[in-house]
Amino acid sequence: MITDGVVKTSCALCTGRCGLNVHVRDGKIVKVEGMPEHPISRGYICPKAETLPEQVYLPDRIIHPMKRENGSWKRISWDEALDTIANKLKENKIKYGPEALMSFIGLPVFLDGVPGWMMLRRFLDVYGSPNYFSVDSMCYRPRLVLYYLTMGQLMRPEVQNSKLMVIVGSDADNSYPPMANLIRENQKKGSKLIVIDPRKTALAKDADMFLQIRPGTDPALWLGMMNVIISEGLYDGEFVEKHTIGFDMLAEHVKEYPVEKVARITWISEEQIRTAARLFATIKPASIYQGFNSLDETTSGAQSGRGIPMLHAITGNMDIPGGLVPRMMLKAVSNVRLEHMIKGRALWEDKYPLMYKLWGRPMGEGQMMDLPDLLQSDKNPIKAMVIECTNPLMTWPDSNKVAKALKQVEFIVYMGQYMNSTAELAHIFLPTQGPLEKSDFCIDNRITPYIMMKKPIVQIGECWHDATFWLQLAKRMGYEEYFPWNNSDEFIDYWLEPSEVTFKMLTEEKPEGMPLEMKYGTLLKNGFPTPSGKVELYSETMWQFGYDPLPTYKEPYESPVSRPDLTKEYPLILTTGQRNILFLHSQMRNAPTLRAKCPEPLADIHPETAKKYGISDGDMITISTRRGSIDIKAHLTEDNFPGLVSVPHGWVEANVNILTYTRPADPVTGVPNMKAMLCKVEKKK
Ligand code: SF4
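This structure is a prediction, so every number in the text was calculated from the model and none was measured.

(A) Representation of the overall build of the protein within the structure. Per the secondary structure count, the protein includes 26 helices and 29 strands. Taking 26 Å as the expected radius of gyration for a compact globule of 685 residues, we find that the protein reaches 25 Å, a close match to that expectation. Considered along the principal axes of its C-alpha atoms, the protein spans approximately 70 × 65 × 55 Å. Burial analysis of the protein (685 residues in total) assigns 64% to the buried set. Within the protein, counting contacts between residues at least 6 apart in sequence, those at least 24 apart form 75% of the total. As displayed, the protein offers around 24900 Å² of accessible surface, 51% of which is attributable to carbon and sulfur atoms.

If you want it as structure tokens, here you go:
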């Protein structure tokens, strides 16, 4: 720790991973600025990071371990917390078996770096529990699985080198500002921009074309665009011939999606669909950047994970600068997993097999959206949960159901920085370090491949690195032989041992981080890591597992088309999850400076729709779905199309997830539909 000076680090308050210069005086963080030499953010930081000096020292932060006794929280020592947890887990393992332990981690655990969740995975392996889950059940994973099925790996659009950028389902100015900055710079260099979104975002206002799409219908648009590209002979015949399989079947399949039909489904004009398709096929290089989970969280949204790569493939925009490019990783790292020690099968592995394993390769984790039903059933096998840095009572669909379900768990350990509605249900609360307080290894590939080692800058109370908790718990459990390290830095060194970098080298010689060399054309030369070695437009694997081998479109479960019987009572479309630059999901509402800029949640409604229901700007309204109702202030805006109600998530004052539902929407990945459902609004009585 330093007492005075400037420390270089990377921000972990959102997925942007901007570079930070953190100013420390007398051992206290006093100012945070952008790091000009950082390759992703290049000096930019947003208001969230500017308030880090305030956030680190917020008075409601929990800085000591606590246990809940007779309904109230009592401070305890780390020793008591570790003994209590170790004893309970040992007892449970004998009584119920190792599978009775489940871990559930939130986004900050991924953002904060590698050691925490790797140590957790190793702990679960040694304990014998396969039940590791994360927020990915409803976030990024559906796309990841479908990208793997198509190309054998996850690839990223290299937007900064594209001559045509298609941005779909991303309000990047609010969700990923470094990307928004790059897009605008690229526009200035002459690149074209197409934005596809139900809401007219700031980028949409600056775009060459804006396709205002009905939520949940994106897969139909990809099929319609492929129809135009193939029927007009605009595809890249050489790429298709050399690097894909199943093109003839795809060409036949997309005939079922003529532009007229796709226009009726998506509410985008025929002319716009044709123009977008022709531009994508003729301007090279082109790429499509897909928002973090906006497309995935719909009934057939996972199919965008097939349609988007396929558009890149049939136009030859793959593995070339400015197209869809592979992620760069370190040459080699130690395998820290001990999967052979797990004997049982993970929950729901039979229901969503491709989420768990593909071609014999583990996919990392599974799908836990059925958890609320399982916990409330007679067959509930889960007796203990460790929940870290996530608040499913706010961020999961159907919050009321989730709350009832979590109350059934005998023993919950919550790890985090603040008390929240989920933590209130826990038996033990463990205070974790924030992003400026721990050492971490970060690897990022979203804009350019880049690695960085972070050093702890300050220590707050008795907060621990999450990796330290798992390490110390392992020792209490008698697992020393599998956890020989004294701290997380030693663990990182072990992990990096086979690679080209070391902890010391990165922290001392490259405190600003280090780009990884970008290589193009390797897949085109050596083949794709799929069974055929090619991009699988037709997926034999999906057919074998009983899924559609070609991308398909299915109406959202609750839409004016699929449920006309509901539209009399629920005539409007509700979409959730709009981003706000000041917050991330349910976090940071407690930072006074941020909250002063946005004191309350607002529901966006088109003035025409509002007028129909006698609603004026600023009125309190009640929004209802078949699950429940919330009260929220109306914000009238022409950025929504008439009939669309857009509500942000993460607000205790108006928890939109009372309105959403857990029903798995997509059969391959089980992701719920949170972006397109039916609702009604009325002025609050
Ligand atoms: S956009 Fe803001 S919160 Fe996100 S990484 Fe950058 S500075 Fe941090």
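(B) Main features of the site of the ligand. Every residue near the ligand is listed here: Cys11, Leu13, Cys14, Gly16, Arg17, Cys18, Ile45, Cys46, Lys48, Ala49 and Pro177. Taken together, the residues of the shell around the ligand break down into eight nonpolar, one polar and two charged.

(C) Fine view of the nonpolar core. Membership of the largest hydrophobic core comes to 140 residues, with the highest contact counts inside it found for Trp348 and Met385. When near neighbours in sequence (up to four residues on either side) are disregarded, Trp348 contacts Met102, Phe133, Tyr356, Gln367, Met368, Asp370, Leu371 and Leu374. Among the nonpolar cores identified, the runner-up in size contains 55 residues, and Ile76, Met118, Trp485 and Trp495 belong to it.

(D) Seen up close, helix α8 (residues 177–188). Over its 12 residues, α8 extends 17 Å from the first C-alpha to the last, a length consistent with the 16 Å expected when each residue adds 1.5 Å. All of the buried residues in α8 are Pro177, Pro178, Met179, Ala180, Leu182, Ile183, Asn186 and Gln187. Those residues of α8 that are buried are in contact with β9 (164–168), α7 (172–175), β10 (192–197), α9 (202–206) and β13 (286–290). Downstream of α8 by a residue or two, Gly190 has a phi angle that is positive, lying close to 110°.

(E) Up close: the domain arrangement of the protein. Assigned domains within the protein: domain 1 (5–56), domain 2 (66–137 + 348–454 + 462–514), domain 3 (142–325 + 521–544) and domain 4 (564–683). Domain 3 and domain 4 are separated by 28 Å when their C-alpha centres are compared. Facing the 25 residues of domain 3 at the interface are 22 residues of domain 4. Buried surface at the junction of domain 3 and domain 4, summed over both partners, amounts to about 1900 Å²; 62% is from carbon and sulfur atoms. The tally of links between domain 3 and domain 4 comes to two salt bridges. Across the pair Asp639 and Lys205 runs a salt bridge, and its minimum N-O distance is 3.0 Å.

(F) Region of the structure containing the pairing of strand β2 (residues 19–25). For β2, the buried fraction is high: five of the seven residues fall into the buried class. Two elements, β2 and strand β3 (residues 28–34), share six bridges in a ladder whose sense is antiparallel. Paired with Val24 across the two strands is Ile29, which belongs to β3. Between the antiparallel neighbours β2 and β3 lie two residues, among them Asp26 with a positive phi of about 50°.

(G) Examining the pairing of strand β20 (residues 440–444) more closely. Among the five residues in β20, four count as buried, and that is most of the element. The sheet contact formed by β20 and strand β21 (residues 450–454) spans five bridges and is antiparallel. Pairing of Ile443 across the sheet is with Ile451, part of β21. Following β20, the chain reverses through five residues before pairing antiparallel with β21.

(H) Unusual backbone geometry, seen in detail. Looking along the chain, the bond that leaves Lys284 and enters Pro285 is cis, with omega of 0°. With respect to the helices and strands, the residue Pro285 is situated in the loop between α14 (270–282) and β13. Within the chain, Trp267 stands out as a residue other than glycine whose phi angle is a positive 70°. Within the element layout of this structure, Trp267 appears in the loop between α13 (259–266) and α14. One non-glycine residue, Asp398, lies in positive phi territory at about 55°. Within the secondary structure, Asp398 is located in the loop between α18 (392–395) and α19 (399–406). Take Asp398: its relative accessible area is 14%, and that puts it in the buried class.

(I) Main features of the packing of aromatic side chains. Under the defined criterion, the tally for this structure stands at 19 aromatic pairs. Ring centres of Phe123 and Trp470 lie 5.1 Å apart, and the angle between their planes is 50°; this geometry places the pair in the tilted category. Note that Phe123 is positioned in helix α5 (residues 115–127) and Trp470 in helix α20 (residues 466–476), a separation of 347 residues in sequence. Phe123 gets classed as buried once you look at its relative accessible area, which sits at 0%.

(J) Up close: the packing of helix α3 (residues 78–96) against α5. Contact geometry of α3 with α5 gives a least axis separation of 12 Å together with a crossing angle of 40°. Taken as axis vectors, α3 and α5 run oblique relative to one another. Residues Leu89, Asn92 and Lys93 of α3 form the contact with α5, whose own contacting residues are Phe123, Val126 and Tyr127. In terms of residue class, the contact of α3 with α5 is made up of four nonpolar, one polar and one charged.

Thresholds applied
- Residues numbered from 1 in each chain as written.
- Predicted model: local features only at pLDDT ≥ 70, side-chain atom pairs only at ≥ 80, totals over all residues.
- Heavy atoms only, no water.
- Helix = DSSP H or I, 4+ residues; strand = E, 2+ residues; numbered from the N terminus.
- Rg over C-alpha atoms; globule rule 2.2 N^0.38 Å.
- Buried < 20%, exposed > 50% of the residue type's maximum accessible area, 1.4 Å probe, protein only.
- Contact = heavy atoms within 4.5 Å.
- Areas by Shrake-Rupley, 256 points an atom, 1.4 Å probe, with all protein chains shown as cover.
- Near = heavy atom within 4 Å.
- Nonpolar A, V, L, I, M, F, W, Y, C, P; charged D, E, K, R; others polar.
- Core = buried A, V, L, I, M, F, W, Y, C linked by side-chain atoms within 4.5 Å.
- Expected span 1.5 Å × (residues − 1).
- Domains from an automatic or database assignment.
- Buried area = accessible area lost by both parts, 1.4 Å probe.
- Salt bridge = Lys/Arg side-chain N within 4 Å of Asp/Glu carboxyl O.
- Pairing = 2+ DSSP bridges.
- Phe/Tyr/Trp six-rings, centres within 6.5 Å; stacked < 30°, edge-to-face > 60°.
- Axes fitted to C-alpha atoms, helices over the stretch in contact; angles between N-to-C directions.
- Parallel < 35°, antiparallel > 145°, perpendicular 65-115°, else oblique.

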